[in-house]
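# Descriptive analysis of the structure
These are the residues of each chain, in order.
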Amino acid sequence: MRHHRHWIIAATLVIVGAAAFYNSAGAGEPPPIGVLPADSAQWNQGLRAAGASPAEISNFEDLMRLQTPAGLDAMRERVRTPQFFAKYLRAVRQQEGIQKTPKAIFQDNTPARSCESLQNVSISNTTVESTAIDVLDGSCRVTASVTHPPAADRVRVFVALPRTSWNGRFRGTGGGGFWGGTEMSLRSPVSKGFVTAATDTGHPGGSGSFALNASGRLNWQDIRNNAYLGIHDMTLVGKALTLAFYGKAPRYSYFVGTSTAGRQGLMEAQRFPDDYDGIISGTPAVSWPRMIPAAFWPQEVMHRTHNFLPKWKLERATAAAVNACDGLDGVVDGVIDDPRRCTYDPKALVGARIEESTFTEADADVVRKIWEGPRGHDGQFLWYGLARGSDLSTIAGTGGTPLIGKPIDVALEYLHYFLVQDPHWDWTSLANGEYELLFNQSIEEFGAVLGSDDPDLTHFRDRGGKLILYHGLADQLIPAQGTVDYYRQVQQKMGGARQTMQFARLFLVPGVDHGFIGAGPSPTGLMDALVGWVEDGEAPEHLVAELPDDNGRIIRTRPLFPYPQIAVYKGTGSTDDASNFISRSPIR
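Below is a summary of the structure that appears in this document. Remember, it's a predicted structure, so these values are computed and weren't measured experimentally.

Turning our attention to the overall build of the protein. Across its full length, the protein carries 18 helices and 18 strands. Expected size for 588 residues packed as a compact globule is a radius of gyration near 25 Å; at 23 Å, the protein falls within 12% of this value. For the C-alpha atoms alone, the extent of the protein along its principal axes is close to 75 × 65 × 55 Å. Within the protein, the fraction of its 588 residues that count as buried is 60%. Pairs at least 24 residues apart make up 70% of the contacts formed inside the protein by residues separated by at least 6 positions. Accessible area of the protein: about 22,900 Å², with a carbon and sulfur share of 51%. Of the charged side chains in the protein, 55 are positive and 63 negative, and the gap between their average positions amounts to 4 Å.

Our next topic: helix α10 (residues 297-305). Of all the nine residues making up α10, seven are buried; the element is thus mostly covered by neighbouring parts of the structure. Along α10, the residues that are buried comprise W297, P298, Q299, E300, V301, M302 and H303. If you follow the buried residues of α10, they end up packed against α9 (288-294), α12 (361-372), β10 (398-399), β11 (404-405) and α14 (434-450). One or two steps after α10, the chain reaches H306, where phi turns positive at roughly 55 degrees.

Let us now look at the packing of aromatic side chains. Using the criterion set out here, one finds 25 aromatic pairs in the structure. Three or more aromatic residues link up through ring pairs in this structure, and these residues are F178, F210, W220, W288, Y414, F418 and F446.

Let us now look at the pairing of strand β3 (residues 155-161). Counting buried positions along β3 yields six of seven residues, so the element is predominantly enclosed. Examined bridge by bridge, β3 and strand β5 (residues 195-199) share four bridges and lie antiparallel to one another. Its bridge partner lying in β5, V157 is registered against T199.

Taken together, the nine strands give an open sheet; going across it, the order is β1-β2-β3-β5-β4-β6-β7-β12-β13, and neighbouring strands pair in mixed fashion. Only two strands of the sheet have a single neighbouring strand rather than two, namely β1 (126-133) and β13 (504-509). Strand-to-strand twist across the sheet, computed as the mean angle between neighbouring axes with direction ignored, equals 15 degrees. Pairing of strand β4 (residues 169-173) with β5 involves three bridges; the strand directions are parallel. Residue F170 lies in a different strand from β5, and its bridge partner there is V195. The sheet contacts of helix α7 (residues 220-246) involve β1, β2 (140-146), β3, β4, β5 and β6 (252-258), and relative to β3 the element is tilted by about 40 degrees. Across the sheet, helix α16 (residues 480-493) touches β12 (466-472) and β13, and the angle it forms with β13 is around 160 degrees.

What follows is about the sheet that holds strand β16 (residues 554-560). Read across the open sheet, the three strands follow the order β14-β15-β16; overall the sheet is antiparallel. Lying at the two open borders of the sheet, with one neighbouring strand each, are β14 (522-524) and β16. Taken pair by pair, the neighbouring strands of this sheet meet at an average axis angle of 40 degrees, ignoring direction. Inspection of the sheet shows β14 paired to strand β15 (residues 543-548) by three bridges, in the antiparallel sense. Counterpart to P523 in the pairing with β15 is A545.

Along the chain, S390 falls in the loop between α12 and β10. Aside from chain neighbours lying at most four places away, what touches S390 is T318, A474, D475 and Q476.

Extensive coverage of helix α18 (residues 526-536) is indicated by the burial of nine of its eleven residues. Among all positions in α18, only L526, M527, A529, L530, V531, G532, W533, V534 and E535 are buried. Looking one or two places after α18, you find G537, whose phi comes out positive at around 70 degrees.

In this section: the state of the cysteines. Applying the stated rule across the entire model yields two disulfides. The disulfide that involves C325 links it to C342, with 2.0 Å between the sulfurs. Between C325 and C342 the disulfide shows an S-S torsion of about 70 degrees. By sign, it is right-handed. Residue C325 is located in helix α11 (residues 311-325), and its partner C342 is located in the loop between α11 and β8 (353-354); the two are separated by 17 residues in the primary sequence. Accessibility classification places C325 together with C342 in one group, the buried group.

What follows covers the pairing of β16. In terms of burial, β16 is a largely internal element, five of the seven residues being buried. Sheet analysis places β15 next to β16, joined by six bridges and oriented antiparallel. Pairing of P548 across the sheet is with I554, part of β16. With antiparallel pairing between neighbouring strands as the criterion, β15 and β16 make up a hairpin whose turn holds five residues, including G552 at a positive phi of roughly 90 degrees.

Tracing the sequence through the fold places Q491 in helix α16. The buried category is assigned to Q491, whose relative accessible area is 12%. Other than its neighbours up to four places away in sequence, Q491 contacts G496, A497 and T500.

This part covers the environment of L386. By the secondary structure assignment, L386 is in the loop between α12 and β10. Other than its neighbours up to four places away in sequence, L386 contacts I370, W371, D391, L392, I395, D475, Q476, L477 and P479.

Turning our eyes to something else, we now look at unusual backbone geometry. That bond from P149 to P150 is cis: its omega, 10 degrees, falls within 30 degrees of zero. Within the secondary structure, P150 sits in the loop between β2 and β3. Following Y563, the chain continues into P564 via a peptide bond in cis, with omega recorded as 10 degrees. Mapped onto the secondary structure, P564 falls in the loop between β16 and β17 (566-569). For N125, which is not glycine, the phi dihedral falls at a positive 55 degrees. Counting through the fold element by element, N125 comes out in the loop between α5 (84-97) and β1.

Rules and cut-offs
- Residues numbered from 1 in each chain as written.
- Predicted model: local features only at pLDDT ≥ 70, side-chain atom pairs only at ≥ 80, totals over all residues.
- Heavy atoms only, no water.
- Helix = DSSP H or I, 4+ residues; strand = E, 2+ residues; numbered from the N terminus.
- Rg over C-alpha atoms; globule rule 2.2 N^0.38 Å.
- Buried < 20%, exposed > 50% of the residue type's maximum accessible area, 1.4 Å probe, protein only.
- Contact = heavy atoms within 4.5 Å.
- Areas by Shrake-Rupley, 256 points an atom, 1.4 Å probe, with all protein chains shown as cover.
- Lys, Arg positive; Asp, Glu negative; His and termini not counted.
- Charge placed at Lys NZ, Arg CZ, Asp CG, Glu CD.
- Phe/Tyr/Trp six-rings, centres within 6.5 Å; stacked < 30°, edge-to-face > 60°.
- Pairing = 2+ DSSP bridges.
- Axes fitted to C-alpha atoms, helices over the stretch in contact; angles between N-to-C directions.
- Disulfide = S-S within 2.5 Å.

Right, dumping it as structure tokens:
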């Protein structure tokens, strides 16, 4: 997948699995494929100056190996931003690095057999390809492939089993965009004592081209593998290898992920509710057949009006919205706490000089439509738009002279390979009304396969499963309102808000984007909260969010309460201290 600059940061958290540090290249080795030696030297120097360890530097190099030339160009632009590497390291470390190491469940957690002997384990429709001892953490690494006869497919599964200090638990990981997952996500959970697994869900890399076979027809087996079967395969293989290696099954199983991995977690709860005891689903791509075409909507708007907006106009509109709505919650902190209450209209910018151009009424109309979200020819609601306060330039990207649209790649590839089914299709040939037809086609053709919005979680609830959903309210890729919409459907299906809170809770995070970066504090302790809920029955009444400065010092904390409760300043004490906020129902 060709990553835009903001997608790279989000993908760092999604693909790498937060703080999954992977050391495969030592000092003196050549730079990552496609990276110029000068880039590599500069980036390594920047990482070292920010305090990165050798393993973290090597992990960054591995991430660069995943990029195409377009992605590397975007990275070169991104690294010029102030404190980029400090922010990158902070984001990568934050979600995993401060998690506690769960206490061991079994007194005897030593392996019952050698790592090498796992080569001979028999698992249905599965071939164990290799076993090896990881030289960095000493875990037993197993690579296996799963097939689904009579299809000639292959889902690769990667499992890491601690040879010492197994905590008695299994943890599944997921991917981002069209990535099913990667081995790079294994190291951090293994360091906490989890048996951990990842999968490519049937295809290597992050391109959506797997959806078409050699004859140019839809490859339904690979689509199903990527949608839901691959994660289930990973879970079954991972648990089978756990039982074979230790002589006992994991006592508890968890799935943790954001974005595509958030969608994968919801798929598990809906389709395979026996797989996991606890699931953390962050920024989930909850309704892929709607959400992905919706990510193309800004390009459709600009293409239809022949008005492609430069980045600085989009940034000015976002800044103006934040300035207008920041204080609605009684605290001025550069954050729109509840974007639903923000009604700022960009017409206030009309006539303003921005860079070397003037903001026009036509520009205001484009921004309005992006915030509003996709609509049909008669104004009918199709899906949610980006919230006021989020960065618009990620999915409304433009470039060149004269300006042309640069759609985000996951959306463009979905149109190419899934809907139009032509890799060479020119999106600028879209006729008036064709976007709406493609949107409807997406729902009709792929809703039952890719959609993870089934609200019936009865089986998951009845077997004791627990679900934590969380979403940044300034998400520039996946509108948080889609997650809110899904959670409301769950409440309606599962007996109301009180009954749903017994097993599923949603936390909304003001002021942070898809990678949980922004002016607002980011949540901490998610895994601790889930383990406590599943194993000790202690439901998370709130989470603590923290905002560090560029030196890593925490400068602000806030409580995050379960939806629909919001944090409200009680009127006394510092507004940077979580203890000075209380829970309250939102203003309608």
